[in-house]
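A look at the structure
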Amino acid sequence: MNSVLLLPNIMVVFIMIQPQKRELVRKLLDACLGRVVELKHDLVNIDLMEFSYNDDVVERLRLTPMDTELRIPRYFLREREQELEFRKRTMNEILIKLGWLEEHALEEPLTEIEAIRLLQMHERARQGRLRAHFMKEIRKEKGKAEERSEKERTDSGLMAAMKIQKMWRGHTARRITRRRKMDEMILIGMVPPPAAVLKERAEKLEKHNEHDVRRRHVAQQTYAAQFEARQVAIQEEIRQKHGATMKEDIADEIRAWIKDCYDKTGKLPDFPSEDQGGSLHIFSRPGTESEHSRSSARSSKESRKTKDKSKSPARSGDLNVNENQEDDVNFQPAVSVCLPDIRAEIEYFNDTWRDKDETGILSQAAYEDMIYAEKYQEVELEFRRAVDDVMRQEIELLQTMVGKKVKKSNKKTRRSGKKSKKKKEKDLTPDRSTESLYEELVTNGIIRKYPELNLKQFLGDKALTARNGTNPSPGDIRQILVEYCILPLGSEAIHSCTPLIRSVLLAGPRGSGKKALLHAICTEVGAVLFDLTPANIVGKYPGKSGLIMLIHLVLKVSRLLQPAVIYMGDAERPFMKKIPKTDRTDPKRLKKDLPKMIKNIATEDRVIFVGTSNLPWEADQKLLQSVYNRFIYIPRPDYGAMSHAWKTLLHKYSGGISNLDTSAMAKISDGYTIGAIDACLREVMTCKRKLQLRSQPLTNAELINVLCTRDPVYREEEEAFESWWSKTPLGRRRQRFLELEEERLIEEQAQQAKQGNGNKKKGMN
């Protein structure tokens, strides 16, 4: 678990410019994140729970649960910035062409003369209204003056002035006192600063950081382009200068080896095939090392990595906890694919960078000696393959001359394991471009535009103490979605070395944030969203042939535009036993094809199927579990999450003006979801009500009256969710484990009682 807990410290890296260091850090970061995901899958099999709580480890390392929360790397989106911008622009153009999106016309800027005329018009109108008001007041004063005497008028004016002065001084004193009290509360952290102040500070900080980050990113791109150009130039230079000599030396070495073997055995040796490594396989044997085959630090690192991987069996690509497995007390974790990469990168760092003297080197350009060594090795391997082909032909000629039957050595090595019976999927649209398929799916509403939400907008912290599988905190849900969905989708390197999860089901009451989490997953990795909700595909691609075409298009375009998320709302409806007669969406249309569709998601595809459900127990559980690999339950929020949500949302809608008691509201709203709270605040905090907040503060009664019109999450619904989760494969395995544990404790207690009775009898005798 150390890699999990120390990962935030690894990820806090300043913006590095040197291209060769960035390459090393990137590979190490991908390997560490992949190792975290591997450990997560091992912990799920140990704890028999989707959520892992390691309080003793966190306490020993003096960390808080918030410190262990994974950060999503920024390069997931930054490296695809141009691609995502082009895709967004393309979708907007298609939607505007269809009339589903309004194109905002650009307002023409005013000329200087038009601006002056507009100001003059408004100023003259203001002066006219002011003059009319003054004349009205003068007429009123004249009428009053005629009715009063001079003395009375003087006394009443003095008293009025004194009263105004008294009230004004009291008002200013109270305002200054309130302001000082508010400043003191802000200083000690009891009250958040006003929204305007926070916005100003955030904009100032963001502007400063954005300028610095943009400057460094431009420098990164510049140095990376120079690095690539130098690699190409140095590789071509090595080919021209050393190509001929390199070929001759390799050929002389191989001929010397052939002569030596012939002198010792009297037979011509069999030359290794290309799959076996060619002449490198010869000189990698003990005692046959070649001067030109001695690898550099980088190539030795690769050989160590390959050696480590060949020693250990490959990690299963598809880890499915839905399979019935016997609970083994002596659990053996799966063999890691990422650890050899981590070790190899660390060894490469120790060999290359640890003792490298960079004193006084202010330039962050690439080191040409390292480029030369790496490219020299690549060119040597390239020429060695060409020389190997020539040597095979020479050996065949020699064998023919000495009268020996030619033995084909270039036969492919026999592969172990069963042959794959999976047929290659037939392409139903071979002549169509990706752009036309994308436009067709957008036009039919299958590819949808989604709101951009960050995962941190799912409000709530990680659990401070251990919980069970049906009561996770919002932070735990964020963490598991990062590990199951975001990291494998965001990086091809992480996806290739971690267990494959093809599908995830998010289950929870209405308003618990399932769709917001879906949009957050898509936003964090820049994925394309395919919507296969029964209500969305009704009337589209009719008939059996149309359904086959729909599934083919979704799978093909999702592979072409990776990463991709295929979404199905109301995921229980295709597998319901009885469909209501009023339902016209034909939800069972995809019932037979969904399991096949999930199986067709290959190991190399960065595609995930995400379903959401409010009533998962209404589906046939066997069919539901054949489609989804993971089941994540999102419960109603507890008091801590609810209190945090009230504070955050109230500050967002009121601009920090309201001083409502959020702790009382969190207690009153126990049983409601955060979605219900957000809808309640949107309904109450209208534009007119926001303008009245200074004179009429927001009260609890206003919110309670609106909140009472919404349905809470009743206890019966929570019990139904808990009962459903206990019937999932992981829930059944955990229930079985708890039963065995309880039986073991009862047996131990019985044995202890029996031993105690035996000791008493001995004492009596």
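Above this note sits the structure.
Residues numbered from 1 in each chain as written. Predicted model: local features only at pLDDT ≥ 70, side-chain atom pairs only at ≥ 80, totals over all residues. Heavy atoms only, no water.

**Side note on the sheet that holds strand β2 (residues 503-507)**
- With respect to topology, 6 strands assemble into an open sheet ordered β1-β3-β4-β5-β2-β6, the strand pairing being mixed. The outermost strands of the open sheet, each flanked by one partner alone, are β1 (447-448) and β6 (630-633).
- Two strands pair when backbone bridges link them, and β1 and strand β3 (residues 528-531) are joined in this way by 2 bridges, in the antiparallel orientation. Paired with Arg448 across the strands is Leu529, a residue of β3.
- Packed onto the sheet, helix α18 (residues 543-560) meets β1, β3, β4 (564-568) and β5 (607-613) and runs at close to 170 degrees relative to β3. (Pairing = 2+ DSSP bridges. Helix = DSSP H or I, 4+ residues; strand = E, 2+ residues; numbered from the N terminus. Contact = heavy atoms within 4.5 Å. Axes fitted to C-alpha atoms, helices over the stretch in contact; angles between N-to-C directions.)

**A word on the pairing of β4**
- Most of β4 is tucked away: 5 of the 5 residues are buried.
- Of the two faces of β4, the one lined by Ala564, Ile566 and Met568 and the one lined by Val565 and Tyr567 are each fully buried.
- In this sheet, β4 lies alongside β3 in parallel orientation, the contact comprising 4 bridges. The residue of β4 that forms the bridge with Leu529 is Val565.
- In terms of strand pairing, β4 meets β5 through 5 bridges, oriented parallel. Each bridged residue has a counterpart across the sheet, and for Tyr567 the counterpart in β5 is Val610.
- A crossover connection joins β4 to the parallel β5 through helix α19 (residues 593-599); in handedness this β-α-β unit is right-handed. (Buried < 20%, exposed > 50% of the residue type's maximum accessible area, 1.4 Å probe, protein only. Right-handed = clockwise from strand over helix to strand, strands pointing away.)

**Some details on the pattern of salt bridges**
- In total, this model carries 35 salt bridges according to the counting rule given.
- Ionic pairing is found between Arg239 and Glu236, a salt bridge with its closest N-O pair at 3.4 Å. Here Arg239 pairs with Glu236, and both are found in helix α8 (residues 195-265), just 3 residues apart, close to one helical turn.
- Between Asp531 and Arg448 there is a salt bridge; the shortest N-O distance is 3.2 Å. (Salt bridge = Lys/Arg side-chain N within 4 Å of Asp/Glu carboxyl O.)

**Examining the pairing of β6**
- Here β6 shows two buried faces, one formed by Arg630 and Ile632 and the other by Phe631 and Tyr633.
- Sheet topology note: the β2/β6 ladder contains 4 bridges and is parallel. Bridge pairing links Ala507 to Tyr633 in β6.

**Side note on unusual backbone geometry**
- With an omega of -5 degrees, the peptide bond between Gln562 and Pro563 qualifies as cis.
- With respect to the helices and strands, the residue Pro563 is situated in the loop between α18 and β4.
- Positive phi outside glycine occurs at Leu48, with the angle close to 55 degrees.
- One can find Leu48 in the loop between α2 (19-47) and α3 (55-60).
- We classify Leu48 as buried; its relative accessible area is 4%.
- For Arg62, which is not glycine, the phi dihedral falls at a positive 60 degrees.
- Residue position: Arg62 is located in the loop between α3 and α4 (75-78).

**Structural notes on the packing of aromatic side chains**
- Counted according to the given criterion, the structure contains 9 aromatic pairs.
- Through successive ring pairs, a cluster of aromatic residues spans Phe609, Tyr628, Phe631 and Trp724.
- A cation sits over an aromatic face here: Lys356 above Tyr367, 4.4 Å from the ring centre. (Phe/Tyr/Trp six-rings, centres within 6.5 Å; stacked < 30°, edge-to-face > 60°. Lys NZ or Arg CZ within 6 Å of the ring centre and 35° of its normal.)

**Re the state of the cysteines**
- Counted by the stated rule, this structure contains 0 disulfides.
- No disulfide involves Cys680; its nearest neighbouring cysteine sulfur is the one of Cys708, lying 9.1 Å away.
- Accessibility expressed as a relative area gives 0% for Cys680, which makes it buried. (Disulfide = S-S within 2.5 Å.)

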